[in-house]
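# Examining the three-dimensional arrangement
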Amino acid sequence: MPSRRVLVLHAHPAPHKSRVNRRLVAEAEGVDGVTVRHLYEIYPDFLIDVREEQRILESHDAIVFQHPFYWYSAPSLVKEWMDLVLEHGWAYGSGGTALHGRIFAQAVTCGGGRDVYCSEGRNRHSVRDFLLPFEQSALLCGMDWRPPFVVHGTGDLKSAGEIEPFALDYRTWLESLRDGDGRSQETR
Ligand SMILES: Cc1cc2nc3c(=O)[nH]c(=O)nc-3n(C[C@H](O)[C@H](O)[C@H](O)COP(=O)(O)O)c2cc1C
């Protein structure tokens, strides 16, 4: 199977405070065929260059949003990006076929452990359930949705050594999006 060009759109509002996404995104930057864009660095004022984003999307085969889980969703710049970049007539609707067939996936880190993200747990739903609006948006745009890469319980990852296995899993997951079916999902 031909190698896909993978685009990672990294969105962390406070990268200087980040431990987990910082390590994951550094790993992504070292994977052949992966382009990383740091959305909060590029658009600190939220003034998104829609044409530029669309041009970059068109030159990649798989799109990944990488972000911390904030209020059961993504940081707000991701929503702004979706509102502006996924235009009618380009991403969906009449003539909106630019993203058809491209893979969509998310890489999410969350403070809550796996035990709170289940029907019996405090949050009552899995992280994947909470990501449903992203999944359905991707489907509306004719994209090929893949299950998310999820790191649970970030508060329990006390040392760099404890984060390391997740970085290696993330590399494997990105390589699978690039070369394989990208169907592996939640991590340890
Ligand atoms: C504003 C805000 C909202 C958050 N909302 C959630 C949440 O809904 N669920 C959750 O599990 N963790 C939540 N967290 C915890 C973050 O997801 C966690 O700190 C982050 O994934 C750790 O990654 P980092 O080291 O890259 O910052 C929230 C954190 C902040 C600052």
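Residues numbered from 1 in each chain as written. Predicted model: local features only at pLDDT ≥ 70, side-chain atom pairs only at ≥ 80, totals over all residues. Heavy atoms only, no water.

Among the seven residues that make up strand β4 (residues 103-109), seven are buried, leaving the element largely enclosed by the rest of the structure. Handedness of the crossover is the feature at issue here: the chain leaves strand β3 (residues 62-68), passes through helix α4 (residues 76-85), returns alongside β4, and the resulting connection is right-handed. Alignment of β4 against strand β6 (residues 149-151), held across three bridges, turns out to be parallel. Paired with V108 across the two strands is V150, which belongs to β6. (Buried < 20%, exposed > 50% of the residue type's maximum accessible area, 1.4 Å probe, protein only. Helix = DSSP H or I, 4+ residues; strand = E, 2+ residues; numbered from the N terminus. Right-handed = clockwise from strand over helix to strand, strands pointing away. Pairing = 2+ DSSP bridges.)

Another point: the packing of aromatic side chains. Following the criterion strictly, the structure yields twelve aromatic pairs and no others. An aromatic cluster is defined as three or more aromatic residues linked by ring pairs; in this entry it consists of F65, W81, F104 and F134. (Phe/Tyr/Trp six-rings, centres within 6.5 Å; stacked < 30°, edge-to-face > 60°.)

This part covers the side chain of R37. In this fold, R37 is placed in strand β2 (residues 34-38). Within the structure, the side chain of R37 is placed 2.5 Å from the side chain of E53, a separation counted as a polar contact. Ignoring any residue separated from it by four or fewer positions in sequence, one finds R37 in contact with L7, V8, L9, H10, I42, Y43, E52, E53 and I56. (Polar contact = N/O pair within 3.5 Å; in protein donor to acceptor, adjacent residues only side chain to side chain. Contact = heavy atoms within 4.5 Å.)

This part is about the site of the ligand. Around the ligand sit 16 residues, and of these H12, S18, F69, T109 and Y117 come closest. Within the contact set of the ligand, an oxygen atom lies 2.9 Å away from a backbone nitrogen or oxygen of V20. Between a nitrogen atom of the ligand and a main-chain N or O atom of W71, the distance comes to 2.9 Å. Here the ligand has 640 Å² of accessible area as a free molecule, and 71% of this is covered by the chains. Of the residues assigned to the shell around the ligand, the class counts are eight nonpolar, seven polar and one charged. (Near = heavy atom within 4 Å. Areas by Shrake-Rupley, 256 points an atom, 1.4 Å probe, with all protein chains shown as cover. Nonpolar A, V, L, I, M, F, W, Y, C, P; charged D, E, K, R; others polar.)

This part takes up the side chain of H60. Relative to the elements of secondary structure, H60 occurs in the loop between α3 (50-58) and β3. Engagement of the side chain of H60 in a polar contact is seen with the side chain of S59, the distance being 3.3 Å. Every residue in contact with H60, bar those within four places of it in the chain, is listed here: R5, V6, L7, T35 and R102.

Per the stated rule, a full pass over the model turns up eleven salt bridges. Across the pair E27 and R23 runs a salt bridge whose closest N-O atoms are separated by 2.8 Å. Placement of the pair is E27 and R23 together in helix α1 (residues 20-29), with a separation of four residues, close to one helical turn. Judged by its relative accessible area of 8%, E27 is buried. (Salt bridge = Lys/Arg side-chain N within 4 Å of Asp/Glu carboxyl O.)

Across the interface, α3 lies against α4 with an axial gap of 10 Å and an inter-helix angle of 90°. With respect to each other, α3 and α4 are oriented roughly perpendicular. Seen from α3, the contacting residues are V50, E53, Q54 and L57; seen from α4, they are W81, L84 and V85. For the contact of α3 with α4, the residue count by class is five nonpolar, one polar and one charged. (Axes fitted to C-alpha atoms, helices over the stretch in contact; angles between N-to-C directions. Parallel < 35°, antiparallel > 145°, perpendicular 65-115°, else oblique.)

The next point concerns the environment of Q54. Counting through the fold element by element, Q54 comes out in helix α3. Overall, Q54 belongs to the buried group, its relative accessible area being 5%. C-alpha separation for the pair Q54 and E87, spaced 33 residues apart in sequence, amounts to 9.4 Å. At 2.9 Å, the side chain of Q54 and the side chain of R51 are in polar contact.

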